[in-house]
Every structure is written in structure tokens, then in C-alpha cells.
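Notes for the structure review
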Amino acid sequence: MDQAESLRRLVSKNRGLKILTVASGKGGVGKTNLSANLGLLLAKGGLRVCLFDADLGLPNLDLVLGLSPKRTVGEALSCRLPLAEVLLTGPYGLGILAGGRDVNLAQLSGAQVENLASQLVELAGGYDLLLVDCGAGLAPAVRTFAVAADWLLLVTTPDPSAVTDAYGLLKYLCQRQFAAAVGVVVNQTRSFQEGREVAQRLQLAASRFLGLEEVSGWGQVPFDEELVRLGRQGKPVVEGAPHSLSAQSIKKLASLVEGKLGKAQPRPEGKLRKLWE
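Calculation criteria
Residues numbered from 1 in each chain as written. Predicted model: local features only at pLDDT ≥ 70, side-chain atom pairs only at ≥ 80, totals over all residues. Heavy atoms only, no water. Helix = DSSP H or I, 4+ residues; strand = E, 2+ residues; numbered from the N terminus. Buried < 20%, exposed > 50% of the residue type's maximum accessible area, 1.4 Å probe, protein only. Areas by Shrake-Rupley, 256 points an atom, 1.4 Å probe, with all protein chains shown as cover. Core = buried A, V, L, I, M, F, W, Y, C linked by side-chain atoms within 4.5 Å. Contact = heavy atoms within 4.5 Å. Pairing = 2+ DSSP bridges. Right-handed = clockwise from strand over helix to strand, strands pointing away. Axes fitted to C-alpha atoms, helices over the stretch in contact; angles between N-to-C directions. Parallel < 35°, antiparallel > 145°, perpendicular 65-115°, else oblique. Left-handed = near helix turned anticlockwise from the far one by under 90°. Nonpolar A, V, L, I, M, F, W, Y, C, P; charged D, E, K, R; others polar. Polar contact = N/O pair within 3.5 Å; in protein donor to acceptor, adjacent residues only side chain to side chain.

**Looking at the overall build of the protein chain**
What the protein chain contains, in helices and strands, is 11 helices and eight strands. Relative to its 277 residues, the protein chain shows a buried fraction of 53%. When the accessible surface of the protein chain is split by element, carbon and sulfur atoms take 50% of a total near 12,200 Å².

Right under this line is the structure:
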């Protein structure tokens, strides 16, 4: 049994568990930063969220959140520790599983994958949402968590290479029993028109060439110097600059996710609303 099938089988036994997997075709598009800020906002809004850094080997989630975890998922696997022992409790009760730089998911044995999947599902059973931050590209972990997910949040920027790689990731997943609904978020946009056109191109290509009809635009996050500045300091923008354009845009994304989980919040009014319609 492969990694994806192992996790999917375990998730199917827990029908209340929802998984949102965040992925990108190209690195450097702001995926981890978006995952961290989204997780914080969802937890702040009252959802029980477990945020898992699935980029085992090259994790950055702890850095984005300004954390120095004593133990990581990598150590739990190598030292055979219960996953619960490396679970951190962050702001607003956000559960955090830091990845670890001493392990590669592709190199785990079948028994280790089964054990990791089983413990993840057991831990996440106490949460409303398992939010998985995957590595960029076509890594095995991306397939594992995308196939098991209820939703795939696909992050790209307007850069042509990022858009091409995002489509390439969808094509790769379509060859591997992928059935999750896809939400596209265009990051670092310079205008509303630019973000909308990028999302529409991906939607059209996915429908025409891959037969994927459940690909929709989940919004865009404008380029914001505040996000860049705070990111370098290890501070999430939704905490350090909650009224910035990027933070307000991520807040709308959180509202959309809450709605999909049946916990919809009022839509924001004003100039930011057009970014999401």
C-alpha cells in the first residue's frame, strides 16, 4: 500500500476529519507564509486547527511563526516518539507540528508511513481541520496529502514559471487518483486584474486539458511590504499588521474556509471585497 492510499484509508474511518492541503508547483511563492497566517486566523476565529509542516527535510513553518520547537516530527519518527509529544500549542490554541530537518518522507518505510498517518489522524481527530503545508513541487508528500485532502489550496504568483508549475502539479496529481476540490490563491499580485487573469487561466487549462471542473478562485493576496518586513522578523502579518492589505486578504480567505467547514462569517465590505469576487 502506498503512502497516499494509507492515509486516505485511515481518514475515511474518521468522517468528521477535514483536511486542507496547501501546495504550490514552484518554491518561493509564499505558500508557507500563507499557511501560517491562515492557520492563526482560523484558530483565532474559534476553529480547532492543527497545522502540520509536511515539508519534512526542508521545513520553514517554525521560522515563519517565530518558533523554536524543542522537538519535531522528524525526531518523533527517528526516535519513535508518540506524535503527541511533539505537538506544540500556539496562539489561540493552534496545534503545530513542526517538520524537522533530519527526515525525508520519501525515504520512510511502509511501516513508518502507516504509523505517521495513523498518529496524524488520531491527533487531528480532536480538531476541526488538519491544515497541511506541503513542500513545493512534485514531492511524494504532496501527492500523499493532496490525494487524502478534502480541499487543495494551490498557491501561485503571477510569474509565468510559477503558473506553469502550478498547472504541472495539477497534471501530476490528476494521474494519481486525485479528487479533491481545488482553490487557487494568487499571491503577490500587483493589481486585481492581474490576479483574476492568472486564476482564470489556471481554471480554464485545468478544465480543458485535465478535465478538472472543481477548480475555483479562492482569492488573491496583493504584494505587501508589511508582509515582507514582518516575515523577515518571524512575525505573521495577521498579528503584526492586521489592518494591512495582505492581512485583510488572508482574513477573507479564512472566512471562505470557515464557510466550507460550515462556520461562515460575514463577508468584508469596502474596497477589499472586489479582490474576492
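After that view of the structure, there is still more to cover.
**A look at the nonpolar core**
Where a protein is soluble and globular, its nonpolar side chains tend to be buried together. Ranked by size, the top nonpolar core spans 46 residues in total, and within it Phe52, Leu83 and Leu97 carry the most contacts. For this core, the leading source of residues is helix 7 (residues 160–174), giving six residues. Sequence-distant contacts of Phe52, defined by excluding residues within four places in its chain, comprise Leu61, Val73, Leu97, Leu120, Leu130, Leu131, Val132, Asp133 and Phe145. Ala36, Val64, Leu94 and Leu153 belong to the second largest nonpolar core, which has 39 residues in total.

**Here we look at the pairing of strand 7 (residues 181–189)**
The buried fraction of strand 7 is high, at eight of nine residues. As defined by bridge partners, strand 6 (residues 151–156) adjoins strand 7 across six bridges and the pair is classed as parallel. Bridge pairing in strand 7 links Leu153 to Gly183. Handedness of the crossover is the feature at issue here: the chain leaves strand 6, passes through helix 7, returns alongside strand 7, and the resulting connection is right-handed. As defined by bridge partners, strand 7 adjoins strand 8 (residues 215–222) across seven bridges and the pair is classed as parallel. When the sheet's bridge partners are listed, Val182 is paired in strand 8 with Val215. Viewed along the sheet, the connection from strand 7 through helix 8 (residues 192–210) into strand 8 turns out right-handed.

**Quick word on the packing of helix 6 (residues 140–148) against helix 7**
Here helix 6 crosses helix 7 at 70°, and the two axes come no closer than 11 Å. For the element pair helix 6 / helix 7, the angle class is roughly perpendicular. Note that helix 6 runs across helix 7; the crossing there is right-handed. Contacts from Val142, Arg143 and Ala146 in helix 6 reach Leu169, Tyr172 and Leu173 in helix 7. Taken together, the residues of the contact of helix 6 with helix 7 break down into five nonpolar, no polar and one charged.

**What to know about the side chain of Asn37**
Secondary-structure assignment places Asn37 in helix 2 (residues 31–44). Given the relative accessible area of 0%, Asn37 is considered buried. In terms of polar contacts, Asn37 uses its side chain to reach the side chain of Asn33, at 2.7 Å. When residues no more than four places from it in sequence are discounted, the contact partners of Asn37 are Pro236, Val237, Val238 and Ile250.

**Comments concerning the environment of Leu212**
With respect to the helices and strands, Leu212 occurs in the loop between helix 8 and strand 8. Judged by relative accessible area, which is 14%, Leu212 ranks as buried. Sequence separation between Leu212 and Lys171 is 41 residues; the distance between their C-alpha atoms is 9.6 Å. The contact partners of Leu212, leaving out residues within four places of it in the chain, are Leu170, Cys174, Ala206 and Ser207.

**Here's the deal with the pairing of strand 2 (residues 49–53)**
The buried fraction of strand 2 amounts to five of the five residues, a majority that puts the element mostly inside the structure. Of the two faces of strand 2, the one holding Val49, Leu51 and Asp53 and the one holding Cys50 and Phe52 are both buried throughout. Note: strand 2 against strand 5 (residues 129–133), five bridges, orientation parallel. Paired with Val49 across the two strands is Leu129, which belongs to strand 5. When strand 2 meets strand 4 (residues 95–97), the two strands line up parallel, connected through three bridges. Bridging from a neighbouring strand, Leu51 pairs with Ile96 of strand 4.

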